[in-house]
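# Understanding the architecture of this molecule
The chain contents come next:
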Amino acid sequence: MTASFGDGTRCVHAGLPEPVPGQPFLPGPVFAAPYHLDPVTGPAAAPDGYGRPDNPTRRGLEAAIGELEGGDCRAFATGQAAITAVLMSVLRPGDTVLLPGDGYYTVRSFAASTLEQLGVRVVYAPTAGPYPSFAGVRLVLLETPANPGLDVCDVSALSAAAHEAGALVAVDNTTATPLGQRPLDLGADITVASGTKALTGHSDMLLGYAATRSADLLGRITTWRSHTGAIPGAFDAWLAHRSLATLDLRLARQSANAAAVAQALAARSDVELVRWPGLPDDPSYEVASRQMRRIPGVVSFDLGSAERVGRFLTASRLVFAATSFGGLHTTADRRAQWGDATPPGFVRLSCGIEDPADLLTDLNASLS
Ligand SMILES: *Cc1c(COP(=O)(O)O)cnc(C)c1O
């Protein structure tokens, strides 16, 4: 229904019910474990019977995200729950999965702790490549831009090569969001993401989702969710849907702030390895410019030591020390403190929606 509109219009209207006089634009959360059943025909008579598989508030959110991603969506309690659902509903003992070596670290931990013990062969490739042959691979998981290093890969080319070899492709779209790129349009079979980050953007909830155009994959993911119960609660589903309406505005400011911040950081001789895929001399610039409709608000760089990161964050008045990213407030995270394989002074900075001039003044002062 909203496909022909621009991003702002699509975000505001995504997943809303038809107007009904006397009803709110976005109906409030429906809280129910069991619902009333028809005393004679039982669950067949109504769409909602029990809260784990059925919730109308969650379906509204799924309709909204599905419209933005261009597929059928299932919401999960967290991004990690959604990624686990994709991996576990596709992979079987003896299968091979290819994961990003530089992607979200908990996915690698899960692969090492659980997938390998279930008899799944796990191989890794760096997001920027080179990629091995996909022969014999059952599932290729891409993450682009990769978190936290911000390398970007060519989803269309890699999906074509994977399909040629008989592999399925899932793309972690957390950092880009569906307004940055639509992996299903680029040829991926599944788009999966954390909604905890820029999608909902207020640093107040955890959420995940997977979306696909394949009825078979959707069925397997839905069954996995019903069997394992990794659903978001009704209030979180409602809050996420409410937050989606401002996604276009939030991303526009975050991206503009990141452009200004990346340029300012690159101009400083005391900051190393500034990465932002929108900088013309960034290694990811060319593929990001072709593939992405907008560049996210996350910038990464190296301050050389943990001690200097500590001094920078202590001096700053606007940059909160915090993990996660994509929120309204500018935050910075020294990734090595979480065990991520990054240098000790490596920082992932997530630009919020503050005024760019204030952010630049604070950033330059606190770095100096
Ligand atoms: C945060 C994140 C996840 C995990 O999401 P949670 O909502 O924290 O479970 C997965 N992938 C990427 C790229 C992330 O940044």
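Just so we're clear, the structure is a prediction, and the values are computed from it rather than from any experiment.

Parameters and conventions
- Residues numbered from 1 in each chain as written.
- Predicted model: local features only at pLDDT ≥ 70, side-chain atom pairs only at ≥ 80, totals over all residues.
- Heavy atoms only, no water.
- Near = heavy atom within 4 Å.
- Polar contact = N/O pair within 3.5 Å; in protein donor to acceptor, adjacent residues only side chain to side chain.
- Areas by Shrake-Rupley, 256 points an atom, 1.4 Å probe, with all protein chains shown as cover.
- 1 Å grid on protein atoms, 1.4 Å probe; cavity = no way out; pocket = protein on both sides within 12 Å on 5 of 7 lines; lining within 4 Å.
- Sits in = over half its atoms within 2 Å of the grid points.
- Helix = DSSP H or I, 4+ residues; strand = E, 2+ residues; numbered from the N terminus.
- Axes fitted to C-alpha atoms, helices over the stretch in contact; angles between N-to-C directions.
- Parallel < 35°, antiparallel > 145°, perpendicular 65-115°, else oblique.
- Left-handed = near helix turned anticlockwise from the far one by under 90°.
- Contact = heavy atoms within 4.5 Å.
- Nonpolar A, V, L, I, M, F, W, Y, C, P; charged D, E, K, R; others polar.
- Expected span 1.5 Å × (residues − 1).
- Buried < 20%, exposed > 50% of the residue type's maximum accessible area, 1.4 Å probe, protein only.

## What to know about the site of the ligand
- In the neighbourhood of the ligand, 14 residues make up the surrounding shell, with Gln 80, Asp 172, Ser 194, Thr 196 and Lys 197 lying closest.
- Within the side chain of Asn 147, one N or O atom sits 2.9 Å away from an oxygen atom of the ligand.
- Between an oxygen atom of the ligand and a side-chain N or O atom of Lys 197, the distance comes to 2.7 Å.
- Starting from 380 Å² of accessible surface for the ligand in isolation, the protein chains cover 94%.
- Under a 2 Å grid-point criterion requiring more than half of the atoms, the pocket assigned to the ligand is the largest pocket.
- The biggest single contributor to the shell around the ligand is helix α3 (residues 79–90), with three residues.

## Focus: the packing of α3 against helix α6 (residues 215–228)
- Put simply, α3 and α6 touch, their axes get as near as 9 Å, and they point 115° apart. Between α3 and α6, the angle is such that the two are roughly perpendicular. Of the two possible hands of crossing, α3 and α6 adopt the one that is right-handed. Contact residues: Thr 84, Ala 85, Val 86, Met 88, Ser 89 and Val 90 in α3; Leu 217, Arg 220, Ile 221 and Trp 224 in α6.
- Residue composition of the contact of α3 with α6, by class: seven nonpolar, two polar and one charged.

## Examining helix α8 (residues 247–266)
- A rise of 1.5 Å per residue sets the reference length of α8, with its 20 residues, at 28 Å; its end C-alpha atoms lie 28 Å apart and thus fit the reference within 8%.
- Residues of α8 that are buried include every one of Leu 247, Asp 248, Arg 250, Leu 251, Gln 254, Ser 255, Asn 257, Ala 258, Val 261, Ala 262, Ala 264 and Leu 265, and no others.

## Observations concerning the environment of Asp 189
- Mapped onto the fold, Asp 189 is located in the loop between β5 (168–172) and β6 (190–194).
- For the pair Asp 189 and Tyr 285, spaced 96 residues apart in the sequence, the C-alpha separation amounts to 25 Å.
- Those residues in contact with Asp 189, other than ones at most four positions away along the chain, are His 163, Ala 167, Leu 168, Val 169, Leu 184, Ala 211, Thr 212, Arg 213 and Leu 217.
- A distance of 2.7 Å separates polar atoms of two side chains, one belonging to Asp 189 and the other to His 163.
- A polar contact is formed between the side chain of Asp 189 and the backbone nitrogen of Val 169, at a distance of 2.7 Å.

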